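# Structure assessment
Read off the chains here:
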Amino acid sequence: MCGIFGYVGNKTAYTEVYDGLKKLEYRGYDSCGISVIDKGKFRTIKKVGAPDELNGKSNSKATIGIGHTRWATHGVVNVKNAHPHISKDGTIVIVHNGVVENAHQFDYDLKSDTDSEVLANLIADEYTLDLGKAVSRALEKVEGTYGIAVMHRDDPKTIVAARRGSPLCIGISGDNSETYIASDTYALPPEISRVIYLEDGHVATIAADNLHIYKADQAVEFSHKITGVDHKYNAGDREGYTTFLEKEIREQPVAIRNAMRGRFSKDFTNILFGGIKLRKKVRRVLFLGCGTAYHAGLVGKYLIESIAGIPASVEYASEYKYKNTPTEDGTLIVAISQSGETIDTLTAIEEAQAQDHMVISITNVVASSIARLTNMGIYQHAGPEISVASSKAFTSQLTILVMLAIYIGRKHNLSKVQAKRYISQLRKLPALIEKTLDICTECKTLSAKWTSMKSCKFLGRQFMYPIAIEGALKLKELAYVDCHGYPAGELKHGPLAAVGYHAMCVYLAPQKELFEKNVSTMKEIMARDSHIIAITQEGLDFPEDTYDNIIYLPKAPDYLQPILAVIPLQFFSMYMAQSHQYNVDRPRHLAKSVTVE
Ligand code: AGP
């Protein structure tokens, strides 16, 4: 959460930082700000709202600067609480991502309600002509998480960056004359292809043409590893779509093709995952994730059990680290995270690794913190997902999970013949998604019809249960409608009491073998004067008294239906949000990657 960007070089820093923040605004967009050092003074501009609010042009020619786009944790959203923050004596300016948990222990007279301003003052107090050392000493006193970029008014050549739990990378220009700091490589200019990922506990002293990295607590410098960064997946712009969300929903056929590319054996009887080398036979799978990634894990559980034939379970990453989870020898932990930066998932992995489990990750962001921490995993190659609401990353995760189930199944009882059948069905998936995208035009009419709904229940059995809760999350997240998802069979165990006159339900029923069961549950709902939007597949003729509206997905095997069924739900939520004129790409109170607990 929150985006950090910094620049030191020979160009106009304000513009470089502004351009970087524009690309980072999906990480937080409630307020923003930029500071540059100009003729021995900080020039700082802060605004409420997304970086667009900062004028991209400045008359300052300063060549060093830092900026921030905020997702509020401490203090309400206003200019006073926006970053950068300046120490009381006016010497230190800081942008901070994370939470200083012991901020209340320090007695400073603050201008803002933020923990970050405390950090600026601590650094100012520690300063004795060496900014790197001052930052290291100040950080020794704080508890919590941080990614920071700091400047001293009297040192117009240096930015100090440090990290604990909040990602930061340093981008270096080809001729070493410019250095960038960013909380995401995605924000770096396309010509920057050399990057250093700052590790936890490290401090970097960055000048335009030289760089020192050392451990905060030892001040011992060590050589850093420069990695190449590939900008080929950079999103650029909305490419003609009015929102990133619509663009990303429509990119799903491509994302799914990319997830499969190069991952089938020549005879199409097995899956190739170059990034996985397991030290033991997998006897059980435990999925970890948050939000949509958790829902992917839930589908993964059904897939592993039905295709690989071994037990599987799923835990919220945010819960896993606070509980005892009995596991057995041979448990494979699969952490799922689109961003690869979610702090709950990251810390859950650390916990699993401390217990000596085999851990792999499924992430969309190459070299993200989770990808580096697990050191073994599967990249999604879905291309950047900018909209806060996850769409193509989810269906790409589901595709990879089908492949993972086949991969593990082949090491158990799944025969070559069966694996070949699954793979042949999977290869038809992009075409099925294209068909699904075509039929989703009717979602716009549907959302217009139901635009005033105040609550909605999403129901489905078996593979459709995770899609029910994902559908509920999408509508909640985008259109701010109070929604819940349930296994359809749970209705009689409580939720039916809340299904009354004019209640809205989205009922997911594409499975042939569950047809009768679903018909009877749908009738129970309709008998209570409620309304149903049904989602089924071609060839299933639901009686007319079981729904108000119905969407027919193309025919597909049951284990691929979740990937198709979620698409009308994505569109429906998007159109609902648009009908209320909500910001589809940046829902209120949320941010794309959740890097604070
Ligand atoms: C999805 O629409 C949400 N914005 C959210 O639930 C998200 O999936 C969750 O925060 C996990 O993110 P990650 O995949 O980047 O770890």
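Just above, that's the structure.
Structure report, in brief. Small disclaimer: the values here were computed from a predicted structure and weren't measured. (Residues numbered from 1 in each chain as written. Predicted model: local features only at pLDDT ≥ 70, side-chain atom pairs only at ≥ 80, totals over all residues. Heavy atoms only, no water.)

## Digging into the overall build of the chain
So the rule is basically this: Put simply, DSSP marks the helices as runs of H or I at least four residues long and the strands as runs of E at least two long, and each gets a number from the N terminus on. Radius of gyration here is computed from C-alpha atoms only, and the compact-globule reference equals 2.2 Å multiplied by the residue count raised to the power 0.38. Whether two residues touch is decided by their heavy atoms; if any such pair falls within 4.5 Å, the residues are in contact.
What the chain contains, in helices and strands, is 16 helices and 24 strands. The C-alpha atoms of the chain give 25 Å as radius of gyration, which agrees with the globular expectation for 597 residues (25 Å, within 12%). By its C-alpha atoms, the chain is 75 × 55 × 45 Å across when sized along the principal axes. Sequence-distant contacts, at least 24 apart, represent 71% of the contacts inside the chain between residues at least 6 apart.

## Notes on the site of the ligand
Threshold: Definition of nearness: a residue and a molecule or strand are near each other if at least one heavy atom of the residue lies within 4 Å of the molecule or strand. Under this definition, polar contacts are N or O atom pairs within 3.5 Å; protein pairs additionally need one hydrogen-donor-capable and one acceptor-capable atom, and for neighbouring residues in sequence, both atoms have to be side-chain atoms. Under the convention adopted here, Pro, Cys and the residues Ala, Val, Leu, Ile, Met, Phe, Trp and Tyr are nonpolar, Asp, Glu, Lys and Arg are charged, and Gly plus all remaining residues are polar.
The full set close to the ligand counts 14 residues, and Ser337, Gln338, Ser339, Thr342 and Glu477 are the nearest of them. Contact between the ligand and Ser337: an oxygen atom at 2.6 Å from a side-chain N or O atom of the residue. For the ligand, an oxygen atom lies 2.4 Å from a polar atom in the side chain of Thr342. Mapped onto the shell around the ligand, the elements with two or more residues apiece are helix 6 (291-308) and helix 14 (464-479). Looking at the shell around the ligand residue by residue, the classes come out as five nonpolar, seven polar and two charged.

## What to know about the environment of Gly262
Using the following cut-off: Burial status follows relative accessibility: with a 1.4 Å probe on protein chains alone, a residue under 20% of its type maximum counts as buried, one over 50% as exposed, and anything between as partly exposed.
Tracing the backbone through its elements, the reader meets Gly262 in the loop between helix 5 (252-260) and strand 15 (284-289). Overall, Gly262 belongs to the exposed group, its relative accessible area being 65%.

## Some remarks on empty space enclosed by the protein
Keep this limit in mind: Cavity: a set of points on a 1 Å grid over the protein atoms alone where a 1.4 Å probe fits but cannot get out. Pocket: an open set with protein on both sides within 12 Å along at least five of seven lines, its lining residues, like those of a cavity, having an atom within 4 Å of a point. Grid points are joined across faces, edges and corners, and a volume is the space filled by probe spheres set on the points.
The tally for this structure, following the rule as stated, stands at two cavities of 30 Å³ or more. Of the voids in this model, the second largest cavity is the one considered here, and its volume is about 30 Å³. Looking at the second largest cavity, the residues that line it are Leu446, Val506, Ile533, Ile535, Ile551, Pro568, Leu569 and Phe572. Where the lining of the second largest cavity is concerned, the elements lending two or more residues are strand 23 (531-537) and helix 16 (561-579). With three residues, the top contributor of residues to the lining of the second largest cavity is helix 16. Looking at side-chain class alone, the lining of the second largest cavity contains eight nonpolar, no polar and no charged residues.

## What about the packing of aromatic side chains?
For the record, the criterion: Think of it this way: a Phe, Tyr or Trp ring, Trp meaning its six-membered ring, pairs with another when their centres are within 6.5 Å, and the plane angle makes it stacked under 30 degrees, edge-to-face over 60, tilted otherwise. Counting as a charge over the ring demands two things of the Lys NZ or Arg CZ atom: a distance within 6 Å of the ring centre and an angle within 35 degrees of the ring normal.
The tally for this structure, following the rule as stated, stands at ten aromatic pairs. Look at Phe264 and Phe268: their rings are 6.1 Å apart centre to centre, the planes differ by 55 degrees, and that puts the pair in the tilted class. Looking at Phe264, the relative accessible area reads 15%, which means it is buried. These aromatic residues form a ring-pair network of at least three members: Phe5, Tyr7 and Tyr180. Note that Arg421 overlies the ring of Tyr422, its terminal NZ or CZ placed 5.4 Å from the centroid.

## Describing the pairing of strand 2 (residues 31-38)
One face of the sheet, then the other: side chains in a regular strand alternate in exactly this way. For clarity, the threshold we go by: Whether two strands pair depends on DSSP finding at least two bridges between them.
Most of strand 2 is tucked away: eight of the eight residues are buried. Neither face of strand 2 is open: one carries Ser31, Gly33, Ser35 and Ile37, the other Cys32, Ile34, Val36 and Asp38, and all of them are buried. Pairing between strand 2 and strand 3 (residues 41-48): eight bridges, direction antiparallel. Within strand 3, the residue paired with Ser31 across the bridge is Val48. What sits between the antiparallel neighbours strand 2 and strand 3 is a turn of two residues, in which Lys39 has the positive phi angle 50 degrees. By the bridge criterion, six bridges tie strand 2 to strand 4 (residues 64-70) in an arrangement that is antiparallel. Bridge pairing links Ser31 to Arg70 in strand 4.

## Let's talk about the pattern of salt bridges
Heads up, the rule is: The salt bridge criterion pairs a side-chain nitrogen of Lys or Arg with a carboxyl oxygen of Asp or Glu, the two atoms within 4 Å.
Tallying each qualifying case throughout the model produces 26 salt bridges. The partner of Lys280 in a salt bridge is Asp329, and the shortest N-O contact between them spans 2.9 Å. In this pair, Lys280 sits in the loop between helix 5 and strand 15 while Asp329 sits in the loop between helix 7 (317-320) and strand 17 (331-337), placing the two residues 49 residues apart along the sequence. For Lys280, a relative accessible area of 32% corresponds to the partly exposed category. Between Lys492 and Glu524 there is a salt bridge whose closest N-O contact spans 3.3 Å.

## Some details on the environment of Leu437
Within the secondary structure layout, Leu437 lies in helix 12 (residues 429-439). Along the chain, Leu437 and Gly98 lie 339 residues apart, while their C-alpha atoms are 39 Å from each other. Each residue touching Leu437, except ones within four places of it in the same chain, is listed here: Ile249, Arg250, Pro253, Ile567 and Phe571.

## Notes on the sheet that holds strand 19 (residues 377-379)
For clarity, the threshold we go by: All axes are obtained by fitting lines to C-alpha atoms, using only the stretch in contact for helices, and the reported angles, taken between N-to-C directions, cover 0 to 180 degrees.
With parallel pairing, the five strands of this open sheet are ordered in space as 16-15-17-18-19. The two strands at the open ends of the sheet, each matched to only one other strand, are strand 16 (312-316) and strand 19. Taking each pair of neighbouring strands and ignoring which way they run, the sheet shows an average axis angle of 20 degrees. In terms of strand pairing, strand 17 meets strand 18 (residues 358-363) through six bridges, oriented parallel.

## Some words on the environment of Glu248
Mapped onto the fold, Glu248 is located in helix 4 (residues 244-250). Residue class for Glu248 comes out buried when judged on its relative accessible area of 0%. As a C-alpha pair, Glu248 and Ile386 span 138 residues in sequence and 8.2 Å in three-dimensional space. Not counting the four nearest positions on each side in its chain, Glu248 is found in contact with Pro384, Glu385, Ile386, Ser387, Ser391 and Lys392.

## Focus on the sheet that holds strand 11 (residues 194-197)
Reading across the sheet, the eight strands line up as 3-2-4-1-10-9-11-14 and stay open at both edges, with antiparallel pairing between neighbours. Two strands lie at the open edges of the sheet, namely strand 3 and strand 14 (227-228), each paired on one side alone. In this structure, strand 1 (residues 3-8) lies alongside strand 4, joined through six bridges in antiparallel fashion. Bridge pairing in strand 4 places Tyr7 opposite Gly65.

## Comments concerning helix 1 (residues 13-24)
Formally: A helix is expected to reach a length of 1.5 Å times the quantity of its residues less one.
Between its first and last C-alpha atoms helix 1 spans 16 Å; for twelve residues at 1.5 Å apiece the expected length is 16 Å, and the two agree. Structurally, helix 1 contributes buried residues whose contacts are with strand 1, strand 2, strand 3, strand 4 and strand 10 (179-182).

## Here we look at the side chain of Asn81
Residue position: Asn81 is located in the loop between strand 4 and strand 5 (85-86). Using a relative accessible area of 0% as the deciding quantity, one classes Asn81 as buried. Once residues within four sequence positions are removed from consideration, Asn81 is found in contact with Arg70, Gly75, Val76, Ser112, Asp113 and Thr114.

## Re the pairing of strand 4
When you tally the buried positions in strand 4, you get seven out of seven residues, the bulk of the element. Covered by surrounding structure in strand 4 are Ile64, Ile66, His68 and Arg70 together with Gly65, Gly67 and Thr69, the residues of both alternating faces.

## With respect to the packing of helix 5 against helix 12
Going by this rule: For classification purposes, angles smaller than 35 degrees are called roughly parallel, those larger than 145 roughly antiparallel, those between 65 and 115 roughly perpendicular, and all remaining angles oblique.
Look at helix 5 against helix 12: their axes get within 9 Å of each other, and the N-to-C directions meet at 170 degrees. Here helix 12 runs roughly antiparallel to helix 5, going by the angle between their axes. Between helix 5 and helix 12, the contacting residues are Gln252, Pro253, Ile256, Arg257 and Met260 on the first element and Leu429, Pro430, Ala431, Ile433, Glu434 and Leu437 on the second.

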